[in-house]
Every structure is written in C-alpha cells, then in structure tokens.
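As a plain string of letters, each chain reads:
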Amino acid sequence: MTDHVHDLQVVREATERLLTAVARLDNAALAEESHLPGWTRGHVLAHLSRNADALVNVFAGRPMYESAEARDKDIEEGSGRPLPEQLADLHASHDRFMAQTEGDQDWSRTVELRNGVTDLASNVPFRRLVEIELHHVDLNVGYGLEDLPEEFTGREIAFLADRWSARPDVPPTALAADDGRTWRTGAAGEPAVTVSGPAAGLLAWLAGRGDKGASLTASGGPLPTLPPL
C-alpha cells in the first residue's frame, strides 16, 4: 500500500537536493543543454515548476494542463529566465504543491492526469517524486542515476516494469538487479529473456535514459526494444 505521508516527506528531501544543486548554477549554465534532447537546463526547471502546479490542479479536480500546446508554451516561455527567477518559481510551486496536500481529503479517490490516465490520489506524491529525481539527473549537474536513493530506484523500476506489462510488442522479460532484486515486464507468459545488471542500468533502460542498456546483459534473446515513454 502506498504511504503518501512518507512519499511527501521524501518529496521535500528530494526538492531540497534539487534546489541546492540548482543554486550552484549561473545564468550561462541554465542555457546549456540538459540530458534531454532539445531542452536546456532552463527548460527542465520550467517544466518542474509547471508540473508542480499541474499536480495541484489534479488534486483540485481540474484538468492537469489546459492543453498540450499550453503546457509546451509555458515551458518554452519559462526556459530563458535568469537563475533567481527559476529558483523562486521552483520554491513557490513546490510550496503550492505541498499546501495542496495538507488538510483532510480522500486519498483513496481516483484522480485524472494527462491523456486520460487515472490513478489514486495517494500515488500522486510518488509521481511528483519521479519528476524531481529523474529531472535532477536530466539537468546534467553531476547527479546521476547511480546517485538516486535505492528505495526510489526499486519503486521506479517496478512502476515502469508494470507500465510495459501486458504489452504484446514487449516480450515476456525477467529483470534481475545485481543486488538480488527482481521484477518482470512485457507480455504475459513465461519470460523468455532475462535482463540483468545494476539497478541504475535497469532504470536507465526502462526510462530511456543514461546508457539505455549498455551496462546490461540479456540472456535468452536480444535486449528488448521498449516503446517510448
């Protein structure tokens, strides 16, 4: 069962790590490329701020974004702001998100995200954590997938493995981390392929980041090709 209280505390901690790292940058660094194709560090930061506000909308029962076009426009327009404005926006949007989670509410209710995706309200804090942690890595400021907390890495692997489960275009696949943790993904049936390696490598492959499978070993067949996120 998801513990939203625990997840909200972890969101606070991850946000503090992110803000500390961003505060060491300067305006020139914000204009440099991130690990995400076509996005500068400024784009990543603008997205993180607007995502926090979008999740406030989710909790309030409003559409997550006005439209896909409006989402993209807000990110583009916010990408070129100087460091003090980016930091202020990150702080303020985080505070709005945390404030929205306070008070009595039904954490077991179903909420709607983007593109018709639904989830339990209790899972939204972890979704925010995913945004913070993976995009911290995407900023290309020395925080890598191998630096992510072990608990987060395991949960995100499980989340992404479930995302690709029952997909006929992904063969039944067993996942085995070097630390002994295991998962499965892909179509139903006995796994024909086993993908093994460091947990950070499994996450990179599932999330389409980092080495994207270079640190992994596939037995029983080639490394499966995953659909884009």
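Residues numbered from 1 in each chain as written. Predicted model: local features only at pLDDT ≥ 70, side-chain atom pairs only at ≥ 80, totals over all residues. Heavy atoms only, no water.

Colleague: Help me understand the pairing of strand β3 (residues 173–177), please; the structure alone is not making it clear to me.
Modeller: Burial runs high along β3: four of the five residues are buried. Between β3 and strand β4 (residues 182–185), which follow one another and run antiparallel, lie four residues, and G180 among them has a positive phi close to 100 degrees. (Buried < 20%, exposed > 50% of the residue type's maximum accessible area, 1.4 Å probe, protein only. Helix = DSSP H or I, 4+ residues; strand = E, 2+ residues; numbered from the N terminus. Pairing = 2+ DSSP bridges.)

Colleague: Please explain the pattern of salt bridges as it appears in this structure.
Modeller: Where charged atoms from two side chains of opposite charge come close, those side chains can pair. Per the stated rule, a full pass over the model turns up 14 salt bridges. Two residues, R209 and D138, come together in a salt bridge whose shortest N-O distance is 2.8 Å. You can see R209 sitting in the loop between α8 (199–207) and β6 (217–219) and its partner D138 sitting in helix α6 (residues 124–138), a full 71 residues away along the chain. Neither R209 nor D138 differs from the other in exposure class; each is buried. Each of R50, D53, R81, D89 and R96 takes part in a single network of salt bridges with overlapping partners. (Salt bridge = Lys/Arg side-chain N within 4 Å of Asp/Glu carboxyl O.)

Colleague: Can you help me understand α8 in this one?
Modeller: At 3.6 residues per turn, the α-helix brings residues three or four places apart onto the same side. Within α8, eight of the nine residues are buried, which leaves it mostly tucked inside the rest of the structure. Where the residues of α8 are buried, they touch α6, α7 (150–163), β3, β4 and β5 (193–197). (Contact = heavy atoms within 4.5 Å.)

Colleague: So what exactly am I meant to see when it comes to the pairing of β5 here?
Modeller: Sheet faces and side chains relate simply in a regular strand, where the side chains alternate between the two faces. By the alternation rule, side chains of β5 split into V193, V195 and G197, which are all buried, and T194 and S196, of which none is buried. Sheet topology places β3 next to β5; five bridges connect them, and they run parallel. Pairing of A176 across the sheet is with S196, part of β5. Pairing of β5 with β6 involves three bridges; the strand directions are antiparallel. Bridged to V195 within β6 is A218.

Any functional reading would require information that these geometric values do not contain.
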